[in-house]
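A look at the structure
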Amino acid sequence: MSDKSKTQDEDLPHYDRPTGGWGSVKSLATIMERSRPDPGVMKTLWRQNKPGGHMCTSCAWAKPAKPHPFEFCENGAKATVWDLTSHRCTPAFFAENSVETLKSWSDHDLEMVGRLTHPLRYDASTDHYVETTWAEAFAGIAAELQQLDPKSVVFYTSGRAALETSYLWALFARLYGHNNLPDSSNMCHETTSVGLKKVIGSSVGTCTLEDFEQCDMIMFFGQNTGSNSPRFLHNLQAAAKRGCHIVTFNPVRERGLIEFVNPQSPVQMLTTSSTQISEHYLQVKPGGDIAVLAGLCKRVLELEAEKGGVLDKTFIAEHTKGFDDFVRSMQQTQWADIEQASGLKRADLEMIAAMYATAKKTIGIYGMGLTQHVHGFVNLAMYVNLLLMKGHIGRLGGGISPVRGHSNVQGQRTVGISEKPKLVPLDKLAEMFDFEPPRDEGRTTVEVVRGVLDGSVKAFLSLGGNFARAIPDQGQADPAWKDLTLNVQVATKLNRSHLLVGRKTWLLPCLVRAEEDMQATGAQAVSMEDSLSNIYGSVGKRQPASEHLKSEMAIVAGLAKATLKPNPKVKWDEWLGDYSLVRDLIEETYPDDFKDFNARMFEAGGFYRGNPARERVWKTESGKAEFTAPKVLSALGERPGKGEFTMITMRSNDQFNTTIYGHSDRLRGLEGSRYIVLMNPDEIANAGLSEGQMVTLESAVNDGVERRVANMKVTAYDLPDGCVATYYPEANPLIPLDYHDEESKTPAYKGAPVRIVV
Ligand SMILES: Nc1nc2c(c(=O)[nH]1)N[C@H]1C(S)=C(S)[C@@H](COP(=O)(O)OP(=O)(O)OC[C@H]3O[C@@H](n4cnc5c(=O)[nH]c(N)nc54)[C@H](O)[C@@H]3O)O[C@H]1N2
Ligand SMILES: Nc1nc2c(c(=O)[nH]1)N[C@H]1C(S)=C(S)[C@@H](COP(=O)(O)OP(=O)(O)OC[C@H]3O[C@@H](n4cnc5c(=O)[nH]c(N)nc54)[C@H](O)[C@@H]3O)O[C@H]1N2
Ligand SMILES: [Mo]
């Protein structure tokens, strides 16, 4: 079995050193060299993630109350260094390069130009961006918005904007007249927001750092800690050292979940000793997790029948609904089908089930490997079933813990960025600001792309991110952007979305989080929420990259003030002058979550905003935690068919989403190119291919749309049969827009059927 005794096949690309350690230090040095940060960057990093400093713009993992001397990881440092580059993307650069020319540049090269320095307007007559003033930009955009039907306008947010900015952005949208407020979460953990809400009544995870200190078992499904939330490795290392069982299900053997050297531990660094993280590592087939979880649940029920004392019967009786139907469904599920759908052996699943049956406090971790599937919701519901059977939710040391992506993506949803009006206290907003908020459903990311394609979306305003590059079906969508009446992009660096211009387009440069945000009453702080629902203040101290930059708050307030009719209850100038007034508004809107917000925002470790499910108060339709009988055994639905492969799209250690720092995927032993297709050696041979051969991948979905990516190099890698792996965002044109989680519409980025064409 694929447990600790298994060693990586030495002939295949792999990284045989632990995550962290000297490899981390070297990788950061390479980015420093490339990005040439301004002097003083080490001082800035020293303050990162500590009270009084700025909060990292990389992942959303919790910041401990007692920080390490350096409370940042390789990737957090890369993100800061990348933000604080000395390179500049100036009007002179745009005078030299037309938008059409820039389209041939790679994602890496576009961002490498450096920080945007001036507000820019697209000049269609010359196909160049030209310098403009803030006054012209605000007035020009407002004039367009005033002509448009608000329902045809979209306000997108990538998950970095602070709580204060997000609150005002959502308020602006509603005062203007729409709920079209998708955010990057729609491509990410929307399955969580919708799925956990449905089954346990909470749209976020239930664990706190204390649970990680108390648990005796941690399960990992489809989350790559080493690359995507490396500071979490410290908690895992501590758990592993005290004997907590850690078990991972992932098609890819990810180094961070295998072993780790703490770069902050002089002893570990000098002796290069490491900590083993996962006790068992099972290479499930992509989309095979429902079957894995069914196997574990089935076995737990068998163990209960054999010897009793395994289930938490009191909890099930008092707190849950649907148990009997669920039990019947598990009894009817056959082991042969479970083995087939998961690609794993019954004996291995039984062994993990036995471990789980005796565990007292279990945490279930997951990431994109569960959420980005056609049946992503069923993945989550099955995971919750497993935890509910033994009452592990709402118990100290147990719970369900999605690891969120962007540094404030969870918080944005908390303060009203949502296209789902029922998740927002609209009556409260109506009363506070004396207006009638729109009550109709807004558009999700998938529906925005459909609207761009069919012409019903006329304007797209983007508060950060790289929407056009992050979405599925890019080949189809790219040509449609030019038909937009208005495209407004608020950004720090140039990216592909900025090149897909509409009839009128503005590119507005903003401060990064580490930079000082000076307003009428002085330097301002902002705040964000992490994956464990803690809220922190963040203060930037660096000199801004250019004197022409504005903070995101100033841009949102400027646009709103120019667009909307005056309203005595809506005080953009006052709010912009003093962000603590916006925190008061947030507290007034959400009194349970944000009690004494201004007073508590700099508490060490953040303040916890609470979670009813943790207290076993279930805000579901039934008022109970709900068992779900799964309607399918594979998250992929009917796929893959004959001759097809399931494609998973991956992130490397050298990227943050569409920001590509470099071409080294050190932790997987892959260097040099991102246009590669990973397959196991047997599958390469079975398909009549050879290593190093260049192939084209095409979508196996026949809906009349041609989806192809050419010049992909066949690369042997340790993967289960039937699947291939490629990089995000390079492979995004292969993912059909209609291929998304049925409940939440999260795109199925980890389960797209493809064929290989020679
Ligand atoms: N350095 C860095 N940090 C990041 C990001 C980044 O790009 N770079 N992105 C940020 C964002 S926005 C997010 S959402 C998070 C994403 O962080 P993660 O949730 O870790 O997302 P991914 O890296 O896309 O994929 C996670 C894992 O799922 C596995 N997987 C794929 N398919 C399946 C499956 O069917 N079943 C199972 N069990 N596993 C599967 C993959 O092999 C991979 O190890 O990270 C955040 N942090
Ligand atoms: N195939 C595939 N596709 C995926 C995924 C996948 O796993 N596979 N993952 C999905 C996920 S989880 C996510 S979250 C989305 C990510 O989608 P997005 O969040 O839209 O994309 P990012 O790449 O994070 O955005 C990067 C850009 O943000 C801008 N930026 C950076 N910092 C700031 C800031 O402080 N303020 C402002 N205003 N702008 C800033 C910069 O200009 C930079 O170019 O992609 C999704 N797409
Ligand atoms: Mo994400």
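Being a predicted model, the structure only gives us computed values, none of them experimental. (Residues numbered from 1 in each chain as written. Chains lettered and ligands numbered in written order. Predicted model: local features only at pLDDT ≥ 70, side-chain atom pairs only at ≥ 80, totals over all residues. Heavy atoms only, no water.)

**Here we look at the UniProt feature "domain: Molybdopterin dinucleotide-binding" (unreviewed entry) in the protein chain**
In the numbering used here, UniProt assigns the feature "domain: Molybdopterin dinucleotide-binding" (unreviewed entry) to residues 645-752. The distance separating the terminal C-alpha atoms of residues 645-752 is 8 Å; by composition the span is 6% helix and 36% strand. (UniProt positions renumbered as here; feature names shortened; annotations may be inferred. Helix = DSSP H or I, 4+ residues; strand = E, 2+ residues; numbered from the N terminus.)

**Observations regarding the domain arrangement of the protein chain**
Here the protein chain is described as being made up of domain 1 (88-188 + 409-610), domain 2 (200-407) and domain 3 (644-757). Put simply, the middle of domain 1 and the middle of domain 2, counted by C-alpha atoms, are 36 Å apart. Taken together, the 17 residues of domain 1 in the interface contact 17 residues of domain 2. Surface buried jointly by domain 1 and domain 2 totals about 1,300 Å² across both partners, of which 50% is contributed by carbon and sulfur atoms. Interface area lost by domain 1 to domain 2 is led by Cys188, Ser531 and Leu532, which between them contribute 40%. Joining domain 1 to domain 2, the criterion identifies 0 salt bridges. Counting across the domain 1 and domain 2 interface gives 6 residue pairs in polar contact (both at pLDDT 80 or more). Listing elements by their share of the side of domain 1 that touches domain 2, those giving two or more residues are α21 (409-414) and β20 (526-529). Counted by class, the side of domain 1 that touches domain 2 contains 6 nonpolar, 7 polar and 4 charged residues. (Domains from an automatic or database assignment. Contact = heavy atoms within 4.5 Å. Buried area = accessible area lost by both parts, 1.4 Å probe. Salt bridge = Lys/Arg side-chain N within 4 Å of Asp/Glu carboxyl O. Polar contact = N/O pair within 3.5 Å; in protein donor to acceptor, adjacent residues only side chain to side chain. Nonpolar A, V, L, I, M, F, W, Y, C, P; charged D, E, K, R; others polar.)

**Observations regarding empty space enclosed by the protein**
Rolled over the atoms, a probe with the dimensions of a water molecule shows which regions are left empty. As enumerated under the stated definition, the model contains 6 cavities of 30 Å³ or more in all. Around the second largest cavity, the lining is made up of 13 residues, and of these Pro51, Met55, Tyr536, Glu603 and Gly605 lie nearest the centre. Here the residues of the lining of the second largest cavity are counted per class, giving 6 nonpolar, 4 polar and 3 charged. (1 Å grid on protein atoms, 1.4 Å probe; cavity = no way out; pocket = protein on both sides within 12 Å on 5 of 7 lines; lining within 4 Å. Points joined across faces, edges and corners; volume = space filled by probe spheres on them.)

**Side note on the site of ligand 2**
Among the 32 residues in the neighbourhood of ligand 2, the closest are listed as Glu111, Tyr156, Glu552, Thr658 and Asn732. In the model, an oxygen atom of ligand 2 is placed 2.9 Å from a nitrogen or oxygen of the Asn466 main chain. In this structure, an oxygen atom belonging to ligand 2 sits 2.7 Å away from a side-chain N or O atom of Tyr728. Surface burial for ligand 2 is 96%, taken as the share of its 940 Å² of free accessible area covered by protein chains. The class makeup of the residues in the shell around ligand 2 is 12 nonpolar, 14 polar and 6 charged. (Near = heavy atom within 4 Å. Areas by Shrake-Rupley, 256 points an atom, 1.4 Å probe, with all protein chains shown as cover.)

**Considerations on the nonpolar core**
Of all hydrophobic cores here, the largest spans 91 residues; its most connected members are Tyr167, Phe172, Ile218, Phe433 and Trp572. Looking at this core, the element that brings in the most residues is helix α8 (residues 163-176), giving 10 residues. Each of domain 1 (88-188 + 409-610) and domain 2 (200-407) gives at least three residues to this core. In this structure, Phe433 is in contact with Tyr167, Leu171, Asn567, Lys569, Val570, Trp575 and Leu585, ignoring residues within four places of it in sequence. In terms of nonpolar packing, the next biggest core, distinct from the first, is built from 60 residues, Phe249, Cys297, Ile338 and Leu349 among them. (Core = buried A, V, L, I, M, F, W, Y, C linked by side-chain atoms within 4.5 Å. Buried < 20%, exposed > 50% of the residue type's maximum accessible area, 1.4 Å probe, protein only.)

**Some thoughts on the packing of helix α14 (residues 289-307) against helix α17 (residues 335-342)**
Between α14 and α17, the least distance of the axes is 8 Å, while the angle of their chain directions is 150°. For the crossing formed where α14 meets α17, the hand is left-handed. Where α14 abuts α17, its residues Ala291, Val292, Ala294, Gly295, Lys298, Arg299 and Glu302 lie against Trp335, Ile338, Ala341 and Ser342. Classifying every residue of the contact of α14 with α17 by side-chain character gives 6 nonpolar, 2 polar and 3 charged. (Axes fitted to C-alpha atoms, helices over the stretch in contact; angles between N-to-C directions. Left-handed = near helix turned anticlockwise from the far one by under 90°.)

**Concerning the site of ligand 1**
Neighbouring ligand 1 are 28 residues, the closest being Glu254, Asp289, Arg651, Gln655 and Asn657. With respect to ligand 1, the backbone of Ser227 contributes an N or O atom lying 2.9 Å from a nitrogen atom. Contact with the protein chains hides 98% of the accessible area of ligand 1, taken as 920 Å² for the molecule alone. For the shell around ligand 1, the secondary-structure elements that each account for two or more residues are α11 (225-228), α19 (368-371) and β25 (655-656). Looking at side-chain class alone, the shell around ligand 1 contains 9 nonpolar, 15 polar and 4 charged residues. Looking at which domains feed residues into the shell around ligand 1, each of domain 2 (200-407) and domain 3 (644-757) gives three or more.

**Quick word on the sheet that holds strand β15 (residues 459-463)**
Sheet architecture is open: 6 strands sit in the order β5-β4-β17-β16-β15-β6, paired in mixed fashion. Every other strand in the sheet has two partners, leaving β5 (128-131) and β6 (153-157) as the edge strands with one partner each. Put simply, the sheet's adjacent strands are angled 20° from each other on average, direction ignored. Relative to β5, strand β4 (residues 120-123) runs antiparallel, the two sharing 4 bridges. (Pairing = 2+ DSSP bridges.)

**Focus: helix α23 (residues 445-454)**
Among the 10 residues that make up α23, 7 are buried, leaving the element largely enclosed by the rest of the structure. Buried within α23 we find Thr445, Val446, Glu447, Val448, Val449, Gly451 and Val452. Buried positions along α23 lie against β6, β15, α24 (467-470) and α25 (474-477). One or two residues past the end of α23 sits Gly455, with phi positive at roughly 85°.

**Observations regarding the side chain of Asp127**
Here Asp127 shows up in the loop between β4 and β5. A polar contact is formed between the side chain of Asp127 and the side chain of Tyr122, at a distance of 2.6 Å. If near-sequence neighbours (up to four positions away) are discounted, Asp127 is found in contact with Ser98, Val99, Glu100 and Tyr122.

**Comments concerning the sheet that holds strand β13 (residues 362-366)**
The 5 strands are arranged β11-β8-β7-β13-β14 in an open sheet whose pairing can be described as parallel. Edge positions in the sheet fall to β11 (280-282) and β14 (399-402), since each has one partner strand and no second. Along the sheet, successive strands turn relative to each other by an average axial angle of 15°, direction set aside. Pairing of strand β8 (residues 245-249) with β11 involves 3 bridges; the strand directions are parallel. Considered in β11, the bridge of Thr248 is made with Tyr281. Running at roughly 150° to strand β7 (residues 217-221), α14 makes contact with β7 and β8 of the sheet.

**Looking at the packing of aromatic side chains**
Scanning all chains against the criterion turns up 31 aromatic pairs. Residues Phe220 and Phe232 carry aromatic rings whose centres are separated by 5.8 Å and whose planes lie at 35° to one another, so their mutual orientation is tilted. Residue Phe220 is found in strand β7, and its partner Phe232 is found in helix α12 (residues 232-241); the two are separated by 12 residues along the sequence. Here the two residues Phe220 and Phe232 agree in accessibility, since each one is buried. Centre to centre, the rings of Phe323 and Phe326 are 6.4 Å apart; their planes meet at 45°, and the pair counts as tilted. Taken together, the positions of Phe323 and Phe326, both in helix α16 (residues 323-332) and 3 residues apart, correspond to about one turn of that helix. Residue Phe326 is classed as buried on the basis of its relative accessible area, which comes to 0%. Taken together through their ring pairs, the aromatic side chains of Phe93, Phe94, Trp105, Tyr122 and Tyr129 make up a single cluster. Over the aromatic face of Tyr281 sits the side chain of Arg253, whose NZ or CZ is 5.4 Å from the ring centroid. In this structure, Arg674 packs its charged tip against the face of Tyr727, placed 4.6 Å from the ring centre. (Phe/Tyr/Trp six-rings, centres within 6.5 Å; stacked < 30°, edge-to-face > 60°. Lys NZ or Arg CZ within 6 Å of the ring centre and 35° of its normal.)

**Comments concerning the pairing of β8**
By the criterion of burial, β8 is predominantly enclosed, with 4 of the 5 residues buried. Both β7 and β8 contribute to a ladder of 5 bridges, which runs parallel. In the sheet register, Met219 faces β8, and the bridge partner there is Val247.

**Points about α17**
Among the residues making up α17, those that are buried are Trp335, Ile338, Ala341 and Ser342. End-on, the buried residues of α17 take up no more than an arc of 135°, which puts them together on one face. What points out from α17, more than 90 degrees from its buried face, is the exposed set Ala336 and Gln340. Elements that come into contact with the buried residues of α17 comprise α14 and α18 (346-358). Once α17 finishes, Gly343 follows within two positions and takes phi at roughly 75°, a positive value. (Arc of directions from axis to C-beta.)

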